[in-house]
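# Examining the three-dimensional arrangement
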Amino acid sequence: MKTILIIEDEAALQDALKKVFTAEGYEVMQGFDGEEGIALAKQKKPDLVLLDLVLPKKHGFEVLQDMKQDENLKAVPVLVLTNLEESEEVMKAIELGARGYLIKANYALKEVLAKAKDLLG
């Protein structure tokens, strides 16, 4: 069973994503801030991380950087799911190793699921 770590501080979105992925047979871990998210990633090594950028305690870019510098986590695909749509943010996330970048407002949950499945192979 593939494990997905969702690092997102919005409880309603976190719950909606968890329902969608659980219904598809994925195990879901939840981090509600950047520090909790990176700690869970190091502890459990998920198969995929869904990462918001604007997070309490530790920004998503820092989480991404920490993951890419960690030997055990650098190969884990990260899908950024955020409201930041400036091209600089998109570029920075990709440069830091994100495998995809979705703007929350532009995607339905099913589309997020489809993109995650693509990244999981």
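Structural notes, computed from the coordinates. Here the structure is a predicted model, which is why all the values come from computation and not from measurement. (Residues numbered from 1 in each chain as written. Predicted model: local features only at pLDDT ≥ 70, side-chain atom pairs only at ≥ 80, totals over all residues. Heavy atoms only, no water.)

For side chains bearing opposite charge, pairing can occur when the charged atoms are close. Within the structure shown, the criterion is met by seven salt bridges. Residues Lys 104 and Glu 8 are paired through a salt bridge, measuring 3.0 Å at the closest nitrogen-oxygen approach. One end of the pair, Lys 104, is in the loop between strand E5 (100-103) and helix H5 (109-120); the other, Glu 8, is in the loop between strand E1 (3-7) and helix H1 (11-23), with 96 residues separating them in the sequence. Of the two residues, Lys 104 and Glu 8, neither departs from the other in class, the shared state being buried. Between Asp 52 and Lys 104 there is a salt bridge, with its nearest N and O atoms 3.4 Å apart. With Asp 52 in the loop between strand E3 (48-51) and helix H3 (60-69) and Lys 104 in the loop between E5 and H5, the pair connects residues that are 52 residues apart, well separated along the chain. When sorted by exposure, Asp 52 lands in the same class as Lys 104, which is buried. (Salt bridge = Lys/Arg side-chain N within 4 Å of Asp/Glu carboxyl O. Helix = DSSP H or I, 4+ residues; strand = E, 2+ residues; numbered from the N terminus. Buried < 20%, exposed > 50% of the residue type's maximum accessible area, 1.4 Å probe, protein only.)

What follows deals with H1. The terminal C-alpha atoms of H1, which comprises 13 residues, lie 18 Å apart, in line with the 18 Å expected from a rise of 1.5 Å per residue. Those residues of H1 lying buried are Leu 13, Gln 14, Leu 17, Val 20 and Phe 21. Projected down its long axis, H1 shows its buried positions confined to an angular sector of 135°, all on one face. In H1, the exposed residues that point more than 90 degrees away from the buried face are Ala 12, Lys 19 and Ala 23. Looking at the buried side of H1, the elements it contacts are E1, strand E2 (27-31), E3, strand E4 (78-82) and H5. Backbone geometry just downstream of H1 places Gly 25 in the positive-phi region, at approximately 90°. (Expected span 1.5 Å × (residues − 1). Arc of directions from axis to C-beta. Contact = heavy atoms within 4.5 Å.)

Before going further, it helps to examine the nonpolar core. Ranked by internal contacts, the top residues of the largest apolar core, which has 23 residues, are Val 49, Leu 51 and Met 67. If you list the elements that add at least two residues to this core, you get E1, helix H2 (34-44), E3, H3, E4 and E5. When sequence neighbours within four positions are dropped, the list of residues in contact with Val 49 reads Leu 5, Ile 7, Met 67, Val 76, Pro 77, Val 78 and Leu 79. With 18 residues, the next largest nonpolar core counts Ile 6, Phe 21, Val 28 and Leu 119 among its residues. (Core = buried A, V, L, I, M, F, W, Y, C linked by side-chain atoms within 4.5 Å.)

Spatially, five strands are ordered E2-E1-E3-E4-E5 in an open sheet, and the strand pairing comes out parallel. Whereas interior strands pair on both sides, the edge strands pair on one side only; in this sheet they are E2 and E5. Here the average twist between neighbouring strands, direction ignored, is 20°. Note: E4 against E5, four bridges, orientation parallel. Its bridge partner being in E5, Leu 79 is matched across the sheet by Gly 100. Here H1 sits on the sheet and contacts E1, E2, E3 and E4; the angle it forms with E2, its principal contact strand, is near 165°. H2 rests against E1 and E2 of the sheet, and its axis sits at about 140° to E2. (Pairing = 2+ DSSP bridges. Axes fitted to C-alpha atoms, helices over the stretch in contact; angles between N-to-C directions.)

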